[in-house]
Amino acid sequence: MNELYPELINYIFDHCWQFRSELEKKAINHYVAKLKFGKRKKLHPKLVELRDRNLTTDKNALNLLKSGYSNFIKNTATRIYNEHKHELEFNLCPKCGKIARTPKAKQCRFCSHDWH
């Protein structure tokens, strides 16, 4: 599979976290901390600690985010797929064969088939 389709990219990124590298985890934590805390000046000391624990200066982690978070998601999911495709368990619709929204979903978002 050369190019993963968007639903599969999101499924892998959201639900196959155990295959993320330490560098990818650092990049995600950094991105989320920047999103949550932004440029806020006044923070409770516990929040300052949380923010500082998640922000990184690791150039390799920051380079992963260089071309935007959506590209980071795509690149991470593609790497996980290419390196672990035989270990990944996908929840596919038994009727149309497309990927479900989550690993435990029992209704297809594409054809509405229900397998409860």
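Residues numbered from 1 in each chain as written. Predicted model: local features only at pLDDT ≥ 70, side-chain atom pairs only at ≥ 80, totals over all residues. Heavy atoms only, no water.

Caption draft 1: Representation of the pattern of salt bridges within the structure. Evaluated as defined, the whole model comprises seven salt bridges. Note that E22 and K25 form a salt bridge whose closest N and O atoms lie 3.3 Å from each other. In this pair, E22 and K25 both sit in helix α2 (residues 22-37), three residues apart, roughly one turn of the helix. Judged by its relative accessible area of 57%, E22 falls in the exposed class. With a relative accessible area of 32%, K25 lands in the partly exposed category. When salt bridges with common partners are traced through the structure, they connect E24, R79 and E83 into a single cluster. (Salt bridge = Lys/Arg side-chain N within 4 Å of Asp/Glu carboxyl O. Helix = DSSP H or I, 4+ residues; strand = E, 2+ residues; numbered from the N terminus. Buried < 20%, exposed > 50% of the residue type's maximum accessible area, 1.4 Å probe, protein only.)

Caption draft 2: The packing of aromatic side chains, seen in detail. All told, the structure shown has five aromatic pairs when counted by the stated rule. Aromatic pair F13 and Y69: ring centres 6.3 Å apart, planes at 90°, arrangement edge-to-face. Of this pair, F13 sits in helix α1 (residues 6-15) while Y69 sits in helix α5 (residues 69-84), placing them 56 residues apart in sequence. The same class applies to F13 and to Y69, which are both buried. Consider the rings of Y31 and Y69, whose centres lie 3.7 Å apart with planes at 5°: the pair is stacked. Taken together, the positions of Y31 in helix α2 and Y69 in helix α5 put the pair 38 residues apart, joining distant regions of the chain. One aromatic cluster is present, built from ring pairs that chain together F13, Y31, Y69 and F72. In this structure, R20 packs its charged tip against the face of F13, placed 4.5 Å from the ring centre. Lying across the ring of F110, K98 places its NZ or CZ 4.9 Å from the centre. (Phe/Tyr/Trp six-rings, centres within 6.5 Å; stacked < 30°, edge-to-face > 60°. Lys NZ or Arg CZ within 6 Å of the ring centre and 35° of its normal.)

Caption draft 3: Spotlight on unusual backbone geometry. Unlike most non-glycine residues, S112 shows phi in positive territory, near 70°. Positionally, S112 belongs in the segment after α5. On the basis of relative accessible area, S112 is assigned to the partly exposed category, the value being 47%.

Caption draft 4: Summary view of the environment of L55. Within the element layout of this structure, L55 appears in the loop between α3 (45-54) and α4 (59-64). A C-alpha to C-alpha distance of 4.5 Å links L55 and H30, two positions 25 residues apart in sequence. Residues in contact with L55, not counting those within four places in the same chain, are H30, A33 and K34. (Contact = heavy atoms within 4.5 Å.)

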